[in-house]
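Examining the three-dimensional arrangement
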Amino acid sequence: MQNFNDYQEFVKSMKVYPENHAIVYPALGLVGEAGEISEKVKKWLRGDRELDKEGLLKELGDPLWYIASLADDLGFTLQEVVDANVQKLSSRKDRNLLHGEGDNR
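Let me sum up the structure you'll find in this document. In this convention, every chain numbers its residues from 1, walking through the sequence in written order. Per-residue local features of the predicted model are confined to residues with pLDDT of at least 70, and side-chain atom pairs are confined, for both listing and counting, to 80 or more; whole-chain, interface and lining totals are unaffected and use all residues. Hydrogens and water are ignored here; the side-chain numbers use all heavy atoms of the structure.

1. Observations regarding the side chain of Ser69
Filter applied, for reference: To qualify as a helix, a DSSP run of H or I must reach at least 4 residues; to qualify as a strand, a run of E must reach at least 2; elements of each kind are numbered from the N terminus. Should any heavy atoms of two residues lie within 4.5 Å, those residues are counted as being in contact.
Mapped onto the elements, Ser69 comes out in helix H3 (residues 53–74). In contact with Ser69, not counting residues within four places along its chain, are Val11, Lys15, Tyr17 and Pro26.

What follows is the structure, given as structure tokens:
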């Protein structure tokens, strides 16, 4: 893969959910995958096992897949998502608002 949009094209070729479940399916999948990552970290934090970095590497790609799919369902490229996030966070940094709560900082 050369860039985010190449990855998104790959994701499009892998979508298996019905079109009438667009937006909802990847949004729910994203939550589920975040939970799987959280469980691995929680078990490490609790002291049950060593941090499974290889397992986490494999799991980190799953939320990315759902984000790329959701972006596509909403009509955005993954590059647009990345650019909007960089713009939002850069603005917060410039205004010294990286800390705090709320969407409109």
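2. Here's the deal with the environment of Glu9
Among the secondary structure elements, Glu9 is positioned in helix H1 (residues 4–14). Along the backbone, Glu9 and Ala27 are 18 residues apart, and their C-alpha atoms lie at a distance of 18 Å.

3. Let's talk about a nonpolar patch on the surface
Definition in use: Here a patch means residues that are over 30% exposed by relative accessible area and free of salt bridges, tied together within 9 Å if like-charged and within 5 Å if nonpolar (Val, Leu, Ile, Met, Phe, Trp, Tyr). All accessible areas in this document rest on Shrake-Rupley with a 1.4 Å probe, and a residue is counted as covered only by the protein chains that are shown. Between Lys or Arg on one side and Asp or Glu on the other, a salt bridge is scored when a side-chain nitrogen of the former is within 4 Å of a carboxyl oxygen of the latter.
Together, Ile23, Val24, Leu28, Ile67, Leu74, Phe76 and Val81 line one region of the surface with nonpolar side chains, adding up to about 590 Å² of accessible area. If you list the elements that add at least two residues to the nonpolar patch, you get helix H2 (24–46) and H3. Checked against the element boundaries, Leu74 lands in helix H3.

4. Digging into the packing of aromatic side chains
Cut-off, in case you're wondering: Side-chain rings of Phe, Tyr and Trp, where Trp is taken by its six-membered ring, are said to pair if the distance between their centres is within 6.5 Å; with planes under 30 degrees apart they count as stacked, over 60 as edge-to-face, and otherwise as tilted. Summary of the burial criterion: residues with accessible area below 20% of their type's maximum are buried, those above 50% are exposed, and those between are partly exposed, where the area comes from a 1.4 Å probe applied to protein chains only.
Here the structure, examined in full by the defined rule, presents 4 aromatic pairs. An angle of 25 degrees between the planes, with centres 4.6 Å apart, marks the rings of Tyr17 and Tyr25 as stacked. The exposure class of Tyr17 is buried, given its relative accessible area of 11%. A centroid spacing of 5.1 Å and a plane angle of 85 degrees characterise the contact between Trp65 and Tyr66, whose relative ring orientation is edge-to-face. Tyr66 shares its class with Trp65; the two are buried.

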